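Each chain, written out:
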Number of protein chains: 2
Amino acid sequence: MDRLPGFRDFYPEPLPNTDVWSADARNYIFNAWRSTARRYGFREYDGPPLEPLELFTTKSGDEIVGQLYNFVDKGERSISLRPEMTPTLARMVAAHERAYKKPIKWFAIPQLFRYERQQKGRLREHFQFNADIIGENDPAADAEIIALLIDSLRALKLTEDDFVIRLSSRQAWQQFFAQRCSDPAKSYDFYQIIDKLEREDPTVSRTKLDKLGFNYDDVTGFITASQPTPELQRVLDNLAARGLGGFVKIDYNVIRGLAYYTGVVFEAFDKKGEFRAIAGGGRYDNLVKLMSGGKVDLPALGFGMGDVVLLELLKARGLLPKFDAGVDVFCLIEDEALRADSLKLITELRSAGKVVEYSFTPLKPDKQFKRAMELNAANTARLERTADGAFQVKVKNLKTREERVLGLAEAVGAI
Amino acid sequence: MDRLPGFRDFYPEPLPNTDVWSADARNYIFNAWRSTARRYGFREYDGPPLEPLELFTTKSGDEIVGQLYNFVDKGERSISLRPEMTPTLARMVAAHERAYKKPIKWFAIPQLFRYERQQKGRLREHFQFNADIIGENDPAADAEIIALLIDSLRALKLTEDDFVIRLSSRQAWQQFFAQRCSDPAKSYDFYQIIDKLEREDPTVSRTKLDKLGFNYDDVTGFITASQPTPELQRVLDNLAARGLGGFVKIDYNVIRGLAYYTGVVFEAFDKKGEFRAIAGGGRYDNLVKLMSGGKVDLPALGFGMGDVVLLELLKARGLLPKFDAGVDVFCLIEDEALRADSLKLITELRSAGKVVEYSFTPLKPDKQFKRAMELNAANTARLERTADGAFQVKVKNLKTREERVLGLAEAVGAI
């Protein structure tokens, strides 16, 4: 029996083969995300992986249903596995925003699900780091969220040479649009063309823009000029003050496909252009109001960063550490008469925070030592009785091969 | 729009009301589970929350479907949200066991789902700490897994006064049964009666046992005598050697409802008897073979511990710490001309691992200080320019109210 297509098993390293994923690498990434978010004062939240289908159609319209893992449950409810976290966040914030001082700074690491029938072999789930600031209009918040994004990647040892944040503005594009077209109904189609500009054949884009009443060269000229809006300039200055100016550049090719962005938008890319976007986000000042049925009106902004592209990038750049069980001590039990006392030593070492391994059953000394080496243990510890009946522990550092003879209490503290 | 019934939102503390759950308490429990498992040399794994329905019916029969969140997906597959982790573990181990030295010691913290239509108001999901040892017959492994269970609860500050592990043996009951009944077909019904013995009216149990050809007093006499099997005695001795003897007692009332246990079984209970079982587990030597269609035959044992009862117990015993954002430094920006340089200081403090907060927008000094107090920040830091134009940082410890004046580089290291 195999797992479902598009889903992943996560195994401890070393991995049995390339068909499975590393639980250790996943935790390494999660820890970097979590610790960086905390340093920035973000608090963790979580919601249910299953939500009413309506939560997602309210935000994204009925078209999204084709991409969802949606069902009718035994209570006749239309439900869906979450394809993104923002609707849940908006629901949670709207329900209890009064209990929290603004701005609210929250993060989560949800597993998200999409059922796309046509894309065989593609993943149907991934984990995504979501960080959002709710209740702050000032571009200082946009700079803060982008700084968090940068530092989350730096925590994984990625540098200015590895990635760049392409910074853009929905407002800049809205202004561009308004100066050239008086029919707001055309704006959605216009943004879709801009969103595809880099990937699409220029003649196709030119024709599409012509049809809508825009000029291709006018559009590309606007992109090339890269004139920051006053708001973007404030974000740039803020990041420069933090010493992070080298990680960002204005790039109006970025517009973000989703309809709900209202201000600064951004995407993180690897500098070699080998991978899809590492992360993306922006300001969505009207969404909380929409999702709360008009009850709560709070400006908001945030980003999402998935684990899949990021892991590919870290692998390609050789930035994943070698993972093992991190065994501090392998306890050698060479005299079975000392097994009970060795178990006591093992318990005390573990109580002192050490990772301790040993053989459950009698095993020849050389086999035990071999196992300690296989586990990449830092030390071995062997309990012995001295001539006068007292206990002593021989502690051997497996890197330096240096051996120390210690008292029992001393050994627990010294390893 | 509300969340689905039986699902939980997890909010940062302090919580807005009692209707929601604490993301901080959840992480506190997860961290205790994870760090204890690691000290015992257990490695983390994970599988998909969605699996083929067949994975669960193979293990538990078709009756389980009534309790599952099961669906047909857009590819016409019968699938289910996982109600337990063991089938996924067995599937994963069977697929790649050759790559791992035995015994395999693995743990996971999956979210599990059950749809029980009749039980309104009860949760339909919970998180469960799963730890298992695969490939070891020796009772030393049973003792190791029970020691891990005990230490996971001790890591949350629960003591011998708070909980006890009730230890039993399927083999002891099998022997009891075989000595009194020659029809193995009756064994399942017999075990079900034993499983309910403590909760059921004695006259009902007596009648049921009579019908099956057993004597009620004979059964209760066997339970009261509590004679450990040789295997259980080895587990008891092993735990006593570790200094954990006070946490366990033989109690043959425990038999575990599930059909697949084969040896030592156990459950953890609060000593006051206020709550349902905190955890339960045992040896299931035939399951990996069953789940792998006979391909892989490995002995196995493990336990599961849910987050819901545990959290209730920790609350009742006053053992949950007070959670906050853990802010190390609130950076006061009283002179807007120093905002850019303050942002630099903030970035450096965060790079040094500190949790740093500040106001995104200009705010009166007393309001900033008030916010620092609300956040329970350990320190405030205020960047200033001295008469000769150099920077200095005034660092104030908010507990002692002691203030120090430090150089810029010095401040980053000193907080």
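In this text the structure is predicted, and so the values were computed from the model without any measurement.

Peer 1: For this particular structure, what's the right way to read unusual backbone geometry?
Peer 2: Glycine aside, residues mostly have negative phi, and peptide bonds are mostly found in the trans state. Residues and elements named next belong to chain A. In this model, Lys102 is joined to Pro103 through a cis peptide bond whose omega is -5°. Looking at the element boundaries, Pro103 is found in the loop between helix H3 (86–96) and strand S7 (104–108). Phi is positive for Glu76, close to 65°, though the residue is something other than glycine. Turning to its location among the elements, Glu76 is positioned in the loop between strand S5 (70–72) and strand S6 (78–81).

Peer 1: Teacher, can you tell me more about the relation of the copies chain A and chain B here?
Peer 2: Overlaying chain A with chain B gives an RMSD of 0.0 Å, the required rotation being 180° about an axis along which the chain moves by 0.0 Å. Such a combination of turn and shift is consistent with a two-fold rotation axis. Among all residues of chain A, the one whose C-alpha sits closest to the rotation axis is Phe71 of chain A, at a distance of 3.4 Å. Interface overlap between copies: 100% of the residues of chain A at the interface are likewise at the interface in chain B, consistent with a symmetric, same-surface contact.

Peer 1: Would you mind showing me how to read the interface of chain A and chain B here?
Peer 2: The extent of an interface is frequently quoted as the accessible surface area lost upon association of the parts. In this complex, chain A contributes 97 residues to the contact, which on the side of chain B involves 97 residues. Summed over both sides, the interface between chain A and chain B buries roughly 8,200 Å², with carbon and sulfur atoms accounting for 57% of that surface. Of all residues in chain A, Met1, Lys74 and Phe360 of chain A bury the most surface against chain B, accounting for 11% of the area lost on that side. The interface formed by chain A and chain B holds twelve salt bridges in total. The partner of Arg350 of chain A in a salt bridge is Glu144 of chain B, and the shortest N-O contact between them spans 2.9 Å. Where chain A touches chain B, the interface holds 43 residue pairs in polar contact (both at pLDDT 80 or more). Looking at side-chain class alone, the side of chain A that touches chain B contains 46 nonpolar, 16 polar and 35 charged residues.

Peer 1: Help me out: how do you make sense of the environment of Phe323 of chain B in this one?
Peer 2: All names here are of chain B. Inspection of the secondary structure puts Phe323 in the loop between helix H11 (307–316) and strand S15 (329–332). Since its relative accessible area comes to 14%, Phe323 is described here as buried. Taking C-alpha positions, Phe323 is 9.4 Å from Ser22, a pair spaced 301 residues apart along the chain. For Phe323, the residues in contact, after removing those within four places along its chain, are Glu13, Asp24, Ala25 and Tyr28.

Peer 1: Got a minute to help me understand helix H6 (residues 187–196) of chain B in this structure?
Peer 2: Residues lying three or four places apart along an α-helix face the same way, a consequence of the helix completing one turn every 3.6 residues. Ser187, Phe190, Tyr191, Gln192, Ile193 and Ile194 of chain B are the residues of H6 of chain B that are buried. Elements in contact with the buried residues of H6 of chain B: helix H5 (170–180), helix H7 (202–212) and helix H8 (216–225) of chain B.

Peer 1: Quick question: what am I supposed to make of the domain arrangement of chain A here?
Peer 2: Taken domain by domain, chain A consists of domain 1 (10–316) and domain 2 (329–414). Centre-to-centre, using C-alpha coordinates, domain 1 of chain A lies 51 Å away from domain 2 of chain A.

Peer 1: I would appreciate a short explanation of the packing of helix H1 (residues 23–39) of chain B against helix H4 (residues 139–154) of chain B in the present structure.
Peer 2: All names here are of chain B. One way to put it is that H1 packs onto H4 with a least axis distance of 9 Å and a crossing angle of 140°. Relative to H4, H1 is oriented oblique. Relative to H4, the crossing made by H1 is right-handed. Note on element contacts: H4 touches H1 through Leu148, Asp151 and Ser152, opposite Trp33, Thr36 and Ala37. Taken together, the residues of the contact of H1 with H4 break down into three nonpolar, two polar and one charged.

Peer 1: For this particular structure, what's the right way to read the side chain of Ser169 of chain A?
Peer 2: Residue and element names in this part refer to chain A. If you trace the backbone, Ser169 turns up in strand S10 (residues 163–169). Side-chain polar atoms of Ser169 contact the backbone nitrogen of Gln171, separated by 3.1 Å. Within polar-contact distance, the side chain of Ser169 engages the backbone nitrogen of Ala172 at 3.0 Å.

Peer 1: Would you explain the side chain of Ser22 of chain B in this entry?
Peer 2: Residues and elements named next belong to chain B. Take Ser22: it is sitting in strand S2 (residues 21–22). Within the local environment of Ser22, its side chain forms a polar contact with the side chain of Glu13, the two groups lying 2.5 Å apart. Of note is the side chain of Ser22, whose polar atom sits 2.8 Å from the backbone nitrogen of Ala25. In contact with Ser22, other than residues within four places in its own chain, are Phe10, Tyr11, Glu13 and Leu15.

Definitions and limits used
- Residues numbered from 1 in each chain as written.
- Chains lettered and ligands numbered in written order.
- Predicted model: local features only at pLDDT ≥ 70, side-chain atom pairs only at ≥ 80, totals over all residues.
- Heavy atoms only, no water.
- Helix = DSSP H or I, 4+ residues; strand = E, 2+ residues; numbered from the N terminus.
- Least-squares fit on C-alpha atoms with pLDDT ≥ 70 in both.
- Contact = heavy atoms within 4.5 Å.
- Buried area = accessible area lost by both parts, 1.4 Å probe.
- Salt bridge = Lys/Arg side-chain N within 4 Å of Asp/Glu carboxyl O.
- Polar contact = N/O pair within 3.5 Å; in protein donor to acceptor, adjacent residues only side chain to side chain.
- Nonpolar A, V, L, I, M, F, W, Y, C, P; charged D, E, K, R; others polar.
- Buried < 20%, exposed > 50% of the residue type's maximum accessible area, 1.4 Å probe, protein only.
- Domains from an automatic or database assignment.
- Axes fitted to C-alpha atoms, helices over the stretch in contact; angles between N-to-C directions.
- Parallel < 35°, antiparallel > 145°, perpendicular 65-115°, else oblique.
- Left-handed = near helix turned anticlockwise from the far one by under 90°.

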